[in-house]
Structure formats: C-alpha cells, structure tokens
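Here is how the chains run, residue by residue.
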Amino acid sequence: MRKPFPTIALIACLCFSLTASAQKPQTSSGNKIEPLPRDLEIQLALSALPPHLRENATVYVLNPDKGFEVARQGTNGFHAFVARTGDDTFRGTWPLKEYRDDILYPISFDEAGVKAGMRVFFDAAEMQAKGTPPEKLKQIIQERYRTGYYKPPERAGVSYMVSPILRTYVNPEESDHVATTIVPHIMHYVPNVSNKEVGGAFPTPEQLRYFSEHGRYEESPYPFVIMPGLHGYLIQFVGTAERDAINKEYAEMLARLCKIKQEWCLPK
C-alpha cells in the first residue's frame, strides 16, 4: 500500500525555504548595479539637503560603468548624490563578500566635505565600476584610511542626510546587517573628538534593536560621535515632527521606490 504523502513536513520545508530566501542579502550580479530612473535619483539625492539648499546644489547620478557623474552643476558649494555602496561598508572587520543592490544612501557634503569624506564614496563607486572584487575594495579603502590617503576636513562643516529614507548597515562596526530606516539627520565634522568629550550618547543595544526592527528610534537619542578619530562625525537626528513632515513631502517619491524594490518600502 502506498504511504500517505507527508504534507505537514512538506509545508514546513517550504516555509523554511521561503523564510531563508527572504533573509538572503540582496546582491548585484558581478560588480554592477541597476541604476535608478534618472529623475528619481536626482530627487532622492536632493532630498538629503534641507529645502533652502536644493535649488543651487550640485547633483550627481551614478553611472554603473564609470562611477558618479555630474547631472547638474550647482553654485552654492553643496553636493548631493545617492550612494549604492556607502562609506559604512568599509567599517568593521566583517568581510565584504558581495556588492548589495539594495543599498540607498542619499547624502550631501559642503565644500569642506567634498575634499574629504565625499572622495571615499566616489573612489568606491569608480573601483566597483571597474570590477574591483568587493573584499579587495574594502581592504583598499581601509588601507587608505590607515595611511592618511584620505584627509580630514580642513574646517568645521556639515553633511546633511535629511532624506526620508536610508537603507544601509545598522551597526557597521559590528556586522553587515542592513535595514530600511526613517532617520533624517545632520552630521558635523569632528576630527579627533570622542563621545566622552561631547557627552555623546551612542544608541544602546536595545535602541539599535528597535531601530533595526522598526526603521526609526523610539525616541531620538542625543548627539553622538561615529568613526571617532580624524574622520569622526557628530550625528544629530531631527525631531519627530520634522521627520513626519519630510515623509509627507516625499510621499510620492517613497511610493515610487517601494514599487521598484520591496526592500525600499518603509517599515510601517
């Protein structure tokens, strides 16, 4: 007599397979990534800046075959773009085994930052476009930091990241776990300043866990320093009311991103 088919076991196996598939990192084929629609990429890049700086800022778009290219030349000294491999990719000791295709990192720099931090993003995009293996790219960037190839900003300045969406690493010093988040914030250059010196309150493990699961902090933490040393930044999150206003302003843009890739849908 033919034995009954183990239906429950099959369903359990299928569910496990689907769960594993959902948790698998999104990676690009080879070193190239799919570009965003040009108008959407420009809008997303400019969303990193506050309203009064957008009209006259220089904007870049990513050419997957070459790196970043100027889409519009500005006049106010601010530069905006959307990184698809962020500078936090090169933090921590975890190996960069594959390039992800789900990173969205809208960021801007003032003139001081263009000569310092922005170079890391542009160098990484160019080397990725040329076919540099991901693990090798991380080694190169980290070595350039160690040897002083990348200089700190020459003066105090600011990098705005007030976009309504950011998908990148949650705690890149520790792991390669990523999340889609709603954390508009401002970064000030603070070379050789520690959290202790400014009373910085780095997010606790509980806050980071909530951040990872919900895409925002339950309460905006006080300013804190990341990357302490020559390339340190002091991060300050915008308030809840400001964050909600930004999300409302860019509702249509966020809907377009969500249709392109499920990972770019903001957490509810």
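Quick notes on the rules
Residues numbered from 1 in each chain as written. Predicted model: local features only at pLDDT ≥ 70, side-chain atom pairs only at ≥ 80, totals over all residues. Heavy atoms only, no water. Helix = DSSP H or I, 4+ residues; strand = E, 2+ residues; numbered from the N terminus. Buried < 20%, exposed > 50% of the residue type's maximum accessible area, 1.4 Å probe, protein only. Areas by Shrake-Rupley, 256 points an atom, 1.4 Å probe, with all protein chains shown as cover. Core = buried A, V, L, I, M, F, W, Y, C linked by side-chain atoms within 4.5 Å. Contact = heavy atoms within 4.5 Å. Pairing = 2+ DSSP bridges. Phe/Tyr/Trp six-rings, centres within 6.5 Å; stacked < 30°, edge-to-face > 60°. Lys NZ or Arg CZ within 6 Å of the ring centre and 35° of its normal.

Draft legend 1. View of the overall build of the chain. A tally of helices and strands in the chain yields 10 helices and 10 strands. A burial count over the chain gives 49% of its 268 residues as buried. Surface summary for the chain: the accessible area is close to 14,400 Å², and the carbon and sulfur share equals 55%.

Draft legend 2. Looking closely at the nonpolar core. In this structure, Phe 81, Tyr 105, Ile 107, Phe 109 and Phe 121 are the most contacted members of the largest nonpolar core, which totals 43 residues. For this core, the element with the most residues is helix 5 (residues 117-129), which contributes seven residues. Every residue in contact with Phe 121, bar those within four places of it in the chain, is listed here: Phe 68, Phe 81, Ala 83, Thr 85, Gly 86, Asp 87, Tyr 105, Ile 107 and Phe 109. Formed by 24 residues, the second largest nonpolar core is a distinct cluster that contains Ala 45, Leu 46, Leu 104 and Val 162.

Draft legend 3. Summary view of the pairing of strand 4 (residues 105-109). Counting buried residues along strand 4, five of its five residues qualify, which places the element largely inside the surrounding structure. One ladder, built from five bridges, connects strand 3 (residues 79-83) with strand 4; its direction is antiparallel. Looking across to strand 4, one finds that His 79 is bridged to Phe 109.

Draft legend 4. A look at the packing of aromatic side chains. The final tally for this structure, using the stated rule, is 18 aromatic pairs. Geometrically, the ring pair formed by Tyr 105 and Phe 121 is tilted, given 5.5 Å between the ring centres and 50 degrees between the ring planes. Here Tyr 105 is found in strand 4, whereas its partner Phe 121 is found in helix 5, with 16 residues between them in sequence. Relative accessible area serves as the criterion here: at 7%, Tyr 105 is assigned to the buried category. Owing to a relative accessible area of 1%, Phe 121 belongs among the buried residues under this scheme. A centroid spacing of 5.2 Å and a plane angle of 80 degrees characterise the contact between Phe 202 and Phe 224, whose relative ring orientation is edge-to-face. Highlighted residues: Phe 202 in the loop between helix 7 (195-198) and helix 8 (205-214) and Phe 224 in strand 9 (residues 224-226), separated in sequence by 22 residues. When its relative accessible area of 39% is taken as the criterion, Phe 202 is described as partly exposed. With relative accessibility at 5%, the residue Phe 224 sits in the buried group. Across the ring face of Tyr 149, the terminal group of Arg 144 is positioned such that the distance to the ring centre comes to 4.5 Å.

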